[in-house]
Amino acid sequence: MSRQTLGRQFGWLWAAFAVSSYGTGLGFGAFSVLAILVLHSGPTQVAVLAASGRAVGSLLAVPLGPWVEFRRKRPVMIAMDLTRFAALVSIPVAYALGGLTFTQLLLVSITVATANIAFNAASGAYLKSLVAPENLLVANARFESTTWTSTMLGPPLGGAAIGMFGPVTTVLADATSYLLSALGIRAIGGTEPHPAPAKASQLRAGDLLDGWRYILAHPTLRPLLLNAMTVNGLIMASEPLLAVLLLGHLGFTPWQYALALAASSGAGGFVGSRLARPLAARFGQHRVLLTAGVLRACWPIGLAFVGPGVPGMLLVTVLQLGMVTCIGVFNPLLATARLTQTAPDRVARTLTAWSVSTGAAIALTTAAWGWVAAATTPRTAIALAGVLLLASPLLLPRREPAERDADPSPSSTLSA
């Protein structure tokens, strides 16, 4: 199959996405490293740092959906990139001056998480206006493959960079990537129509929930969101417990743990994302989405049976590879269906509500599964998550949606 060209403007958007993705990959876990090695924080503080950014950032992002909706998307994307750059670059500056504190790490984490949600909402809306509907899957598959490649290569390179050049190296690289992303988005050029200005009544507190009302009234988006919240929450909640099981109870070394998870995840995600388009072209997008959604839920239950040594390492690698390959197929199809099924004047609010919902689900499920593991064992908690995941395909939409379902809400012309 020949490579499809989506134009110069998409090329710049993809390049900006790629450079920020690799920056994020390089900086993966950098805040925890700084908290432990520089600030000598304990496990409770590290856990608070990891959870607070996502949880508080999701809360602060709630009013950003309507704000993004009624503004041109490229300036918002550039502003969010520059916000992330300024927040992150403050860390190496404070470190060099000897003034880095845990409070600063916490505030930067929250700022970056909030800006991430606003950026993703704006970029999704902008992508829908930039790329023809029949090319959305191609574009989303390219973004997905880039994400998984950066996931596979970034953390090991970031770890090596920290060892060679110091603990703030990857934070500086991550900050620089957002500055380069902003320059890439500016280089897209062209004109972007200004959305109709919002009325004061459209930005009242009650209307901040419009994204959720739209999703919950939609026959396709509602089950997709519920499935995403369930699957993402259970998978992410199992990750720290798997680390405890492998590194603590089964005696895996850190390099074995990283090889079994990071390398297989990156490879599986890349392969899956490359398969999404040809599979959809042959069997249909909805059928492939359902099949991948079912298959991705079948692998995690096997993690409850991991044993020590090489057999255990091989089992983790195979299970992780299988699960993430299915996720790599599913995600671009999900992203395409979400954009296709959302009315053009609701994209930013819908994507903001989506990000807030999945972020909150991950935070709450992770906390709940930590309690389950404490009350039982990590292996039992992982097994429970695996069993519940087996039921998650029941939440997927059964019928194949129309090219775009009719707007189910009574106020479909809210911003027009």
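One structure accompanies this document, and this report is about it. (Residues numbered from 1 in each chain as written. Predicted model: local features only at pLDDT ≥ 70, side-chain atom pairs only at ≥ 80, totals over all residues. Heavy atoms only, no water.)

**Focus: the overall build of the protein**
Our working definition: Helix and strand definitions follow DSSP, with helices as H or I runs of at least four residues and strands as E runs of at least two, each counted in order from the N terminus. The atom set for the radius of gyration is the C-alpha atoms, and the globule formula is 2.2 Å times the number of residues raised to the power 0.38. For every residue, the accessible area (1.4 Å probe, protein chains only) is compared with the maximum for its type, and the residue is labelled buried under 20%, exposed over 50%, or partly exposed between those bounds.
Counting its secondary structure elements, the protein contains 15 helices and zero strands. Relative to the compact-globule value of 22 Å for 416 residues, the protein shows a C-alpha radius of gyration of 21 Å, a close match. Principal-axis analysis of the C-alpha atoms gives the protein an extent of 60 × 55 × 45 Å. Evaluated residue by residue, the protein yields a buried proportion of 51% over its 416 residues.

**A short note on the state of the cysteines**
Operational definition: Here, a disulfide means two cysteine sulfur atoms that sit within 2.5 Å of each other.
By the definition in use, this model includes zero disulfides. Just so you know, Cys326 is unpaired, no disulfide at all, and the nearest cysteine sulfur is the one on Cys298, 7.9 Å from it.

**Re the nonpolar core**
The following threshold applies: To qualify as a nonpolar core, a set must consist of buried Ala, Val, Leu, Ile, Met, Phe, Trp, Tyr and Cys residues joined through side-chain atoms within 4.5 Å. Here, residues are in contact when the closest pair of their heavy atoms is within 4.5 Å.
Core analysis: the biggest nonpolar cluster contains 56 residues, and Phe10, Leu13, Leu127 and Trp354 have the highest contact counts within it. Sequence-distant contacts of Leu127, defined by excluding residues within four places in its chain, comprise Phe10, Leu13, Leu136, Ala139, Asn140, Phe143 and Leu339. Ile235, Ala237, Leu245 and Leu250 belong to the second-largest nonpolar core, a separate cluster that totals 32 residues.

**Topic: the pattern of salt bridges**
The cut-off we apply is this: Basic side-chain nitrogens of Lys or Arg form a salt bridge, by our definition, when they fall within 4 Å of a carboxyl oxygen of Asp or Glu.
Enumeration over the complete set of coordinates arrives at five salt bridges. One salt bridge in this structure joins Glu69 and Arg349, with 3.1 Å as the shortest N-O distance. Taken together, the residues span a long stretch of sequence, with Glu69 in helix α4 (residues 64–69) and Arg349 in helix α14 (residues 347–375) at a distance of 280 residues. The exposure class assigned to Glu69 is buried, which follows from its relative accessible area of 5%. Linking Asp210 and Arg213 is a salt bridge whose minimum nitrogen-to-oxygen distance equals 3.7 Å. One end of the pair is Asp210 and the other is Arg213, both in helix α9 (residues 210–216) and three residues apart, which spans about a single turn.

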